[in-house]
Every structure is written in structure tokens, then in C-alpha cells.
Amino acid sequence: MKVNNQEIFGIARKIKANMTGESWETIAHSVVSYEADVTELMPLIKEMNEGVDKANKITVNSVMLKIITEGIKAMPLINSHLEFDRKLVRGTLKVFDTINISIPMVLPTGEMMTVNLRDMEKKSITEMDETVKETVKKAKNTDINEALFNVSLNDTVEGLKKGKVLQAARRLYGAKMPGKYRVETLKGDEKKKYYSIPESERLSQKDLEQGTITVSNLGSVYREGSQRCYMLQIVPPQTCVIALLSIRKEPVVVTDENGEDKIAIRQILPMTLAFDHRAYDYPDIIPFFRRLDEIFGDVSVIKDWK
């Protein structure tokens, strides 16, 4: 059998491979689907953008981030990190009051990386939109290998502080020993030029470190698609990940003003939520979906969040 191509993992793929492996080896994934009826939401967003120049229009992505944030406020347990020792059967769930959302984003190079949007519980829809756009702008000035190596190095140092000497040694050996698997970072003039860019204008360690929950907008990558998402990977130590799919028209049973059921064509945005069953149970996440039901049942509240 002939090999057409062979690709050596770069640091971004190494980090993803390591995290995904740890996720499926250690986390008890439980997955729930939710279908958001956005039929009334879409014209409302259009109305809110009337008279606004293209660069400053709010996006469906930012509106959904705000709706999800409001759902998290109703069910704070999903905004948490889990520490669990299976050998000693000891666990600690750390629930945060700050909502820092990790979002995967595609870089100008075509590579994908996850960035951390901080303090989302305090932000309006407009502020969330500005945060996302500013992050995209900073990504254009970022060398992904250099940035991720610094994050990985810091993670290794933290591991050493916790006594994970063997893990730290293996990581350093795998990253910097000579050979085809060596992680190449900037040197000489290139390095000086890169670090002359103010940290406020490129992605820093603060932008790339672990958030409290992950939201992945799969629909933004393939808007015309009609795909479903049946399984999601939770990034440890987070306990929850949410995926948004592309909006589609579907036949739905609705009740009219006379109390009669009928079939109507509605705009549906499918969502998938995966949570760590070691941390909490399905009844615990019901407040999250109830809050979403309230919002999609009366989308006029969104005007107050702009």
C-alpha cells in the first residue's frame, strides 16, 4: 500500500491530539440536543442592524453567545472545571462566577486554534461582537507556533510545580530534541520583529489559556450544510461544551391562536450540549434549557442586551 503523503504533527495538532486523547480516555460524556426556533430572532437581528455600517453589524454568532451566557447564568454548574482522581475516588468541582468562553476559530492561514473570550457575563451583545472581532484582528498578527509553544511551556512549568516531573520531561524531549518531530519556533531577527508587536495587538497566553466552557460554532464554517452533531468532545478540565449548527428551514408542529395544531415552516438552529457525567446529571442542566426556552419564546428581551 503506497503512502501518498506524510504530515508530521505541528505543535497545534500535537496539543489537540493530546487533549482529545485525554478527553475520551477520562471523561464520561453525556450528550443532549436542543433545537432553537429562531424564526422570530432572525428578523429581530436584521432590525437591530438597520442603519448600521457593515463593520459594526452584530452577528448571529454574537447574539447566540449572549443567549448561551444567559443560559449559563441560570445553570452555573456547567461553567466549571473538574478535578478527579479515579484511583483514590476523589473529586472537586470548581464552579466559576466569571464566564470565560473558549471558541475555536479558523486563522487566516487556515489553521484552527481555540481562543479565550473573557468576562462574557458582563458584556452586552455589542461588546461581545467587538471582543470577537478584536480577537480575529489579533490572530492575524500572531505566529501560532510561537504562541502555542509559550502556552505549552507554561503548562509544563505548572506541571512541574505539581510534581509531574516525568510528564514535563517527556514534553520537553518531544518538543525540542533534534529530529523531524522538533517544534520550530522563531529565531533571530524574526523573533525580535515578532515580539516588537505590542502584546495588545497579538494573541497572548491570556488569550489562549483554558476558558471555563467551550462554545463551537460549527455552522459558521459550513453555513449551507444540513449536518447534525451527535457527539462533542469536552476539553478537560472543563465539564461542558456546546456546538451551534447552521440554521435550516424545517416543518414544525405549531399551535395557532385558536389552539389548533398545524404544520409550519420554521427556521431551526440545532444545538448540541455535551457534559461530563462525573460532575453532574441531566436534571441539573434543565435550568439552562428552560432559560433558552424563555428567550426564544420572547426574543424581544434581546433588544435590552444590545
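Coordinates for the structure precede this section.
Structural notes, computed from the coordinates.

What counts, and at which threshold
Residues numbered from 1 in each chain as written. Predicted model: local features only at pLDDT ≥ 70, side-chain atom pairs only at ≥ 80, totals over all residues. Heavy atoms only, no water. Helix = DSSP H or I, 4+ residues; strand = E, 2+ residues; numbered from the N terminus. Buried < 20%, exposed > 50% of the residue type's maximum accessible area, 1.4 Å probe, protein only. Contact = heavy atoms within 4.5 Å. Areas by Shrake-Rupley, 256 points an atom, 1.4 Å probe, with all protein chains shown as cover. Core = buried A, V, L, I, M, F, W, Y, C linked by side-chain atoms within 4.5 Å. Patch = residues over 30% accessible without salt bridge, like charges linked within 9 Å, V, L, I, M, F, W, Y side chains within 5 Å. Salt bridge = Lys/Arg side-chain N within 4 Å of Asp/Glu carboxyl O.

So, about the overall build of the protein. Counting secondary structure elements, the protein contains 9 helices and 9 strands. When each of the 306 residues of the protein is scored for burial, the buried share is 41%. Pairs at least 24 residues apart make up 69% of the contacts formed inside the protein by residues separated by at least 6 positions. On the protein, roughly 17,700 Å² of surface is accessible, and the fraction owed to carbon and sulfur atoms is 52%.

The biggest cluster of nonpolar side chains holds 60 residues, and the ones touching the most others in it are L41, I67, M271, F288 and I302. Not counting residues up to four positions away in its chain, the partners in contact with I302 are L41, L44, M48, V63, I67, I125 and I295. I27, L232, V241 and L245 belong to the second largest nonpolar core, which has 8 residues in total.

A cluster of nonpolar side chains, namely W24, Y230 and M231, defines an oily patch on the protein surface of about 400 Å² accessible area. By the secondary structure assignment, W24 is in helix α1 (residues 11-26). Among the residues examined, W24 registers a relative accessible area of 43% and is labelled partly exposed.

Right, let's get into unusual backbone geometry. P237 follows P236 through a cis peptide bond whose omega is 10°. Here P237 lies in the loop between β6 (213-217) and β7 (240-244). The backbone phi angle of V89 is positive, close to 55°, even though this residue is not glycine. Its location among the elements puts V89 in the loop between β2 (80-85) and β3 (90-95). In this structure V89 comes out as exposed when scored by relative accessible area, which is 62%. You will see that D119, though not glycine, has its phi angle at about 55°, which is positive.

What follows deals with the pattern of salt bridges. One pass over the structure, following the stated rule, counts 12 salt bridges. Between R266 and E40 there is a salt bridge; the shortest N-O distance is 2.9 Å. Of the two residues, R266 sits in strand β9 (residues 261-276) while E40 sits in the loop between β1 (29-37) and α2 (41-48), which places them 226 residues apart along the sequence. A relative accessible area of 40% means that E40 is categorised as partly exposed. The closest approach of N and O atoms between D129 and K133, which form a salt bridge, is 2.6 Å. Of the two residues, D129 and K133 both sit in helix α4 (residues 125-139), 4 residues apart, roughly one turn of that helix.

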